[in-house]
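Structural overview
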Amino acid sequence: MDMVVEAGVIKQHLIDPEICIRCNTCEATCPVNAITHDDNNYVVRADVCNGCMACISPCPTGSIDNWRTMPLVRAYTIEEQLTWEELPAELSPEELEAAGVSGASAEAAEAPAQTQAQAAAEATEPVFNSAQYGASVPPWSAAHAYTNLFPPKTPTTATVVGNFNCTEAGFDSETHHVVLDFGVVPFPVLEGQSIGIVPPGVDAIGKRHHARQYSVASPRNGERPGYNNVSLTVKRVTEDHEGDPVRGVCSNYVCDLKVGDTVQVVGPFGSSFLMPNHPKSHIVMICTGTGSAPMRAMTEWRRRLRKSGKFEGGKLMLFFGARTQQELPYFGPLQSLPKDFIDINFAFSRTAGQPKRYVQDLMRERAADLAALLKDGASHFYVCGLKSMEEGVVLALRDVAKEAGLDWDTVGAGLKREGRLHLETY
Amino acid sequence: MSTINYSEKIPNNVNLGEDRTLQRALEGWQPNFINWWDDVGPEGSTNHDVYLRTAVSVDPQGWAQFGHVKMRDYRWGIFLNPGDANREVHFGDHKGEKVWQDVPGEHRANLRRIIVTQGDTEPASVEQQRHLGLTAPSMYDLRNLFQINVEEGRHLWAMVYLLQKHFGRDGREEADALLQRTSGDANNPRILGAFNEKTPDWLAFFMFTYFTDRDGKFQLAALAESAFDPLARTTKFMLTEEAHHMFVGESGVSRVIARTAQVMNELKTDDAQKIRAAGCIDLGTIQRYLNFHYSVTIDLFGADQSSNAAIFYSSGLKGRYEEGKRDDDHVLKGQTYKVLEVKEGQLVEKDVPMLNALNEVLRDDFIKDSVSGVGRWNKVLEKAGIPTRLSVPHKAFNRQIGALAGIKMSPEGRVVSEVEWAAKRDEWLPSSEDFAFVASLMGRVIEPGKFAGWIAPPVMGINRQPVDFEYVRFG
Ligand SMILES: Cc1cc2nc3c(=O)[nH]c(=O)nc-3n(C[C@H](O)[C@H](O)[C@H](O)COP(=O)(O)OP(=O)(O)OC[C@H]3O[C@@H](n4cnc5c(N)ncnc54)[C@H](O)[C@@H]3O)c2cc1C
Ligand code: SF4
Ligand code: SF4
């Protein structure tokens, strides 16, 4: 997730100076170096924090789980935060209004970033919190993942060996398939992991750009089997979440790379969004847009295994959403996979003359098959793509379970505990 | 190397299964550890299911997993932070060389000593805190005590792993000895003084976790810079756990102060006797406890001038706190640092070679960190409109180690005569009467959401659970 931006409003991540004990755990934990401190306070940089929540549970005090709806232009700077003795109150609706923020857009900023703590504190009825079902452990049969071989302070270099548009050419939202080669540098990755790319240059306040994360789209033995290379699926960001034109720093840099260019890479990251290895496991993949990257990686690895005769009936099922068919990355190659290998379901939300369809609608249509998979302990569910899809997808799973007479609390807890439901949304 | 293998007898992320000799050595040590836990671990806790935080991997998603577990079944094991293949020694005479994966022969004795000393503190604090569960002021606090206990236990594992993996037979003997010494034992005490002091009551426990576990933070942070990479990675991970201990101390004292302030305002008094009569700990007593724990803890950093400290630094064994963030040459030859001594009845500063003063440097970093936390306690008083302020005593107050050892000094830093010291001692340090009073308040409160009268409830629960959550299920 990126710091949520809706109509100039952000949900700003803040630390409560009255509760924080300055233990440095958050700073040591944050994967993108969004946290810094002086002798007085620990603070979060609004322009760097991507709301990944990695810092939330390691913080021993809970002081880091604070969020304020703020007009983007008035987001608290770190200099301001460093002087705080207590957390400022939420801006009142009048103050927000005065800053040009309507009630509706303030609420829009509220919803996605609402954290468990707020949900628990504010709700009289329990609020559905999809994130709570996401596993933090890998499936039992997953291969061993390496992480942080190249931490943010010491990136390594990779060479671009391929870069082409994998959506239909000529659309604004073009998505590139980029292949990076590591030569002899060890950079082992598994399907489901991500890497960070450090764009060159500095940001508006003169600091080196922070790394942006991208999921690996190639299987473990390389985009080109037997080579030390990985592929990424990168969407050019040309408008922000409000639809206003912007030029995303890193995505444009990556999409414009030429073969032979070198890039700075950190990572790999992720040790739980990993695929099961045992030959009878089923994989259900639910994604939108570039969330297809890890799904492509898993599908391709299964395809390679199947070709070599190493598969015994594990099912693959894919739910893939985009605005239009033209925007779907890998649409062509996906079409040519055998039907008995993968069960593909496309959802388009903006096809002219047709009703909007989202991945969750498709999931409800396929409830019978999904219910059977939910009952089977060998099934694994993966959700990747835009943050806004996560809740809908998990709710759809819950409804499918309920309709099939399953107790969702039991099923959901089991999926989490056994590393069989993985959520990665951004 | 991030996910921890729980299928083995000893959870680990160091491929223990591939090193049969080490595995056997650790498996031999494990029953002794469990016996030690059963003998001197938290009293009367065997059947409780405690809401504990356990690491399942060493990345942020994995290292803070919560659930009800019996403490004996806690996943004690060996967890190292991920390594960095390119890491270089970044201070001392070996600066710029590749970090060591094995112990260099010439540093063997020193490294062993450092690890044994660190390792010895971990079981010691479990022993010191053994009886506290019987007088916990709430179920929430009981859980926090137990969380600290299991993590100290795991930190012992962390050091034992290093000893057994890298120091052969000597290491195995040292590992055994860690379970044989006992805190406060007249014949076989723990190595460092503060770890033989009693932790008689919960105010002492909070002060201990605030000050003495903070010493742990600074020692671990200095070791996390080490050129001996396994030590650096081990202590890095320990630091993430240590944070909780300091939290318990800082918030614990803060809650005691909040409750006292509340009662002072209700009764409109600052009379210690009236406050005591109302079942709260008066601010004077809190200040005396603070003076005691602070002064005992700053002794833990060692003598103000030490050739060992210089050797440890120059040879790359132990760096400074946040070594990487300092912008000097990281070799420190020819530089000086100011330390205190007493000359003609006056405290004076003198310059000594920086390398020899590194214990003092670390002590001063600790002091700065402690003082700012005391400032946060004062905010509680400020908010309650109470004019009294707490403060740390002078660095030379009540010291037993280094050039200031034995010098009689008031908390403000005035050298005093033996006579004055004897007369004022009970104003400056907790008296037997203070201890008796605080002890009289200690009764067990374990109903979810209920708190003893001398302490305020916490601002929020653990892991976003409500304050009245059932943190401990009594079996
Ligand atoms: C674990 C993880 C995996 C990811 N995997 C992928 C992946 O496989 N492929 C991929 O393309 N991206 C992926 N992302 C998102 C990616 O890291 C960047 O956020 C994205 O490329 C935008 O970066 P930028 O530097 O171009 O834009 P920035 O310069 O950071 O942002 C410019 C503006 O655009 C907004 N913005 C950022 N992203 C979007 C967006 N997607 N849509 C609309 N507005 C946006 C920002 O809020 C900002 O206002 C992943 C993120 C995470 C956390
Ligand atoms: S982890 Fe929490 S308590 Fe520690 S410094 Fe960060 S915000 Fe403060
Ligand atoms: S939410 Fe993620 S990015 Fe933001 S401060 Fe926490 S760890 Fe860093």
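This text goes with the structure placed above it.
Description of the structure in this document.

What counts, and where the lines are drawn
- Residues numbered from 1 in each chain as written.
- Chains lettered and ligands numbered in written order.
- Predicted model: local features only at pLDDT ≥ 70, side-chain atom pairs only at ≥ 80, totals over all residues.
- Heavy atoms only, no water.
- Salt bridge = Lys/Arg side-chain N within 4 Å of Asp/Glu carboxyl O.
- Helix = DSSP H or I, 4+ residues; strand = E, 2+ residues; numbered from the N terminus.
- Buried < 20%, exposed > 50% of the residue type's maximum accessible area, 1.4 Å probe, protein only.
- Near = heavy atom within 4 Å.
- Nonpolar A, V, L, I, M, F, W, Y, C, P; charged D, E, K, R; others polar.
- Polar contact = N/O pair within 3.5 Å; in protein donor to acceptor, adjacent residues only side chain to side chain.
- Contact = heavy atoms within 4.5 Å.
- Buried area = accessible area lost by both parts, 1.4 Å probe.

1. A few points about the pattern of salt bridges
Opposite charge on two side chains allows them to pair when their charged atoms are near. In total, this model carries 61 salt bridges over all chains according to the counting rule given. A:Glu300 is paired through a salt bridge with A:Arg304; the nearest N and O atoms lie 3.0 Å apart. Of this pair, A:Glu300 and A:Arg304 both sit in helix 7 (residues 292-307), four residues apart, which is roughly one turn of the helix. Summarising the burial analysis for this pair, A:Glu300 and A:Arg304 share the class buried. One salt bridge in this structure joins B:Arg53 and B:Glu151, with 3.0 Å as the shortest N-O distance. Of the two residues, B:Arg53 is situated in strand 1 (residues 49-54) and B:Glu151 in helix 3 (residues 139-166); the sequence distance between them amounts to 98 residues. Each member of the pair, B:Arg53 as well as B:Glu151, is classed as buried.

2. Considerations on the site of ligand 2
Taken together, 14 residues surround ligand 2, and among them A:Cys20, A:Cys23, A:Cys26, A:Cys59 and A:Thr61 come closest. Looking at the shell around ligand 2, its residues break down into nine nonpolar, four polar and one charged.

3. Re the side chain of A:Glu390
All names here are of chain A. Tracing the chain through its elements places Glu 390 in helix 11 (residues 387-403). There is a polar contact of 2.9 Å between the side chain of Glu 390 and the side chain of Ser 130. Those residues in contact with Glu 390 that lie beyond four places of it in its chain are Ser 130, Ala 131, Leu 423 and Thr 425.

4. Structural notes on the interface of chain A and chain B
With 37 residues of chain A at the contact, the number on the chain B side is 32 residues. Roughly 2900 Å² of surface becomes buried between chain A and chain B when both sides are summed, with 53% attributable to carbon and sulfur atoms. Of all residues in chain A, A:Ile21, A:Ser57 and A:Pro60 give up the largest surface area on contact with chain B, accounting jointly for 18% of the area buried on that side. Remark: the boundary between chain A and chain B carries five salt bridges. The interface formed by chain A and chain B holds four residue pairs in polar contact (both at pLDDT 80 or more) in total. Where the side of chain A that touches chain B is concerned, the elements lending two or more residues are helix 1 (25-29) and helix 5 (116-122) of chain A. Class assignment of the residues belonging to the side of chain A that touches chain B gives a composition of 17 nonpolar, 13 polar and seven charged.

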